[in-house]
Amino acid sequence: APIAEGTEFADLQGGLEERFGEGDPRSVRTVGPIIGAELIRSSAILIVIGELFILAYLWIRFGFRFGTAAIVSLLHDVILVVGVFAILGYFFFLEFDALFVTAMLTIIGFSVHDTIVVFDRIRENRVRHAGEPFGAIVNHSILQTVGRSLITSLTVVVTLGALLLLGPPTIRTFALALLLGVISG
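Here the structure is a predicted model, which is why all the values come from computation and not from measurement. As a convention, each chain's residues are numbered from 1 in the sequence order in which they are written. In keeping with the model being predicted, local features are shown solely for residues with a pLDDT of at least 70 and side-chain atom pairs are shown and tallied solely at 80 or more, while totals for entire chains, interfaces and linings include all residues. The basis for the side-chain values is all heavy atoms of the structure; hydrogens and waters are excluded.

Peer 1: Help me understand the side chain of Ser153 in this model?
Peer 2: Each helix corresponds to a stretch of at least 4 residues labelled H or I by DSSP, and each strand to a stretch of at least 2 residues labelled E; elements are numbered beginning at the N terminus. By secondary structure assignment, the location of Ser153 is in helix 5 (residues 134-166). A relative accessible area of 14% means that Ser153 is categorised as buried. By definition in these notes, contact holds between two residues if any of their heavy atoms fall within 4.5 Å. When neighbours within four sequence positions are excluded, Ser153 is seen to be in contact with Phe110 and Val182. A simple rule labels every residue: compare its accessible area, found with a 1.4 Å probe on the protein chains alone, to the largest value its type can have, and call it buried under 20%, exposed over 50%, or partly exposed in between.

Peer 1: Is there a simple way to think about the pattern of salt bridges in this case?
Peer 2: Between side chains of opposite charge, a pair can form as their charged atoms come close. Just to be clear on terms, a salt bridge is a Lys or Arg side-chain nitrogen sitting within 4 Å of an Asp or Glu carboxyl oxygen. Here the structure, examined in full by the defined rule, presents four salt bridges. With a shortest N-O distance of 3.1 Å, Asp120 and Arg61 are connected by a salt bridge. A residue pair is termed long-range when its members are at least 10 positions apart, and Asp120 in helix 4 (residues 98-128) and Arg61 in helix 2 (residues 33-62) qualify at 59 residues. Ionic pairing is found between Glu124 and Arg121, a salt bridge with its closest N-O pair at 3.5 Å. With Glu124 and Arg121 both in helix 4, this residue pair falls three residues apart, about one helical turn. The exposure class assigned to Glu124 is partly exposed, which follows from its relative accessible area of 37%. Since its relative accessible area comes to 28%, Arg121 is described here as partly exposed. Here the salt bridges share partners, and the residues they tie into one network are Arg61, Asp120 and Arg123.

Peer 1: Looking at this model, I keep getting lost on the side chain of Asn125. Mind explaining?
Peer 2: With respect to the secondary-structure elements, Asn125 resides in helix 4. A relative accessible area of 0% places Asn125 in the buried class.

Peer 1: Just checking my understanding: could you explain the nonpolar core for this structure?
Peer 2: The nonpolar side chains of soluble globular proteins are, as a tendency, buried together. Nonpolar core, defined: a set of buried Ala, Val, Leu, Ile, Met, Phe, Trp, Tyr and Cys residues in which side-chain atoms within 4.5 Å join the residues together. Grouped together as the largest cluster of nonpolar side chains are 30 residues, with contacts concentrated most on Ile54, Val81, Met104 and Ile108. Among the secondary structure elements, those contributing two or more residues to this core are helix 2, helix 3 (64-92), helix 4, helix 5 and helix 6 (172-184). In terms of residues, this core owes the most to one element, helix 4, which gives 10 residues. For Val81, the residues in contact, after removing those within four places along its chain, are Phe100, Met104, Ile107, Ala177, Leu180 and Gly181.

Peer 1: Please clarify how the environment of Tyr57 should be interpreted in this entry.
Peer 2: Considering the arrangement of structural elements, one finds Tyr57 in helix 2. Here Tyr57 falls in the partly exposed class, since its relative accessible area comes to 38%. For the pair Tyr57 and Gly67, spaced 10 residues apart in sequence, the C-alpha separation works out to 8.0 Å.

Remember that the coordinates give geometry; whether it matters functionally is a separate question.
Right, here's the structure in full:
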């Protein structure tokens, strides 16, 4: 549970300094509302810039329709994780921090990788199965890549589950955000 009053934090910090000596002032992990608002604003800008560069790459590589579809799937993953964290923050005092931003960028990268694999397969199958309806080509492509995607995601989910349950408390937020992103992706 978060420390409710600043005096409790000061008393705790004083007791720790008495026992172990003065610590590094940069190691305190709480931030005020102004810095927190700046972190959220900077994080949103960073995520938008990352998605714009990904969009530009996908437009160049696959065309406008595929690039736009990939960004919609990325936004789905990002919005789902942010929404779950907002709910968890309200009920369980889970906070957005720098590791959360790192997790969001990792989720975006993971999702783009999976999308690019499917898009490459669609492009290959359009040449191999020329004359077939586009829907059938997309269906073949997804069926050809779904096994690989599920095995990769399941491996990551098991690892993140272990980190969430057995890892140090400092990375649990990171592991939870990644876990939610991989499952939603």
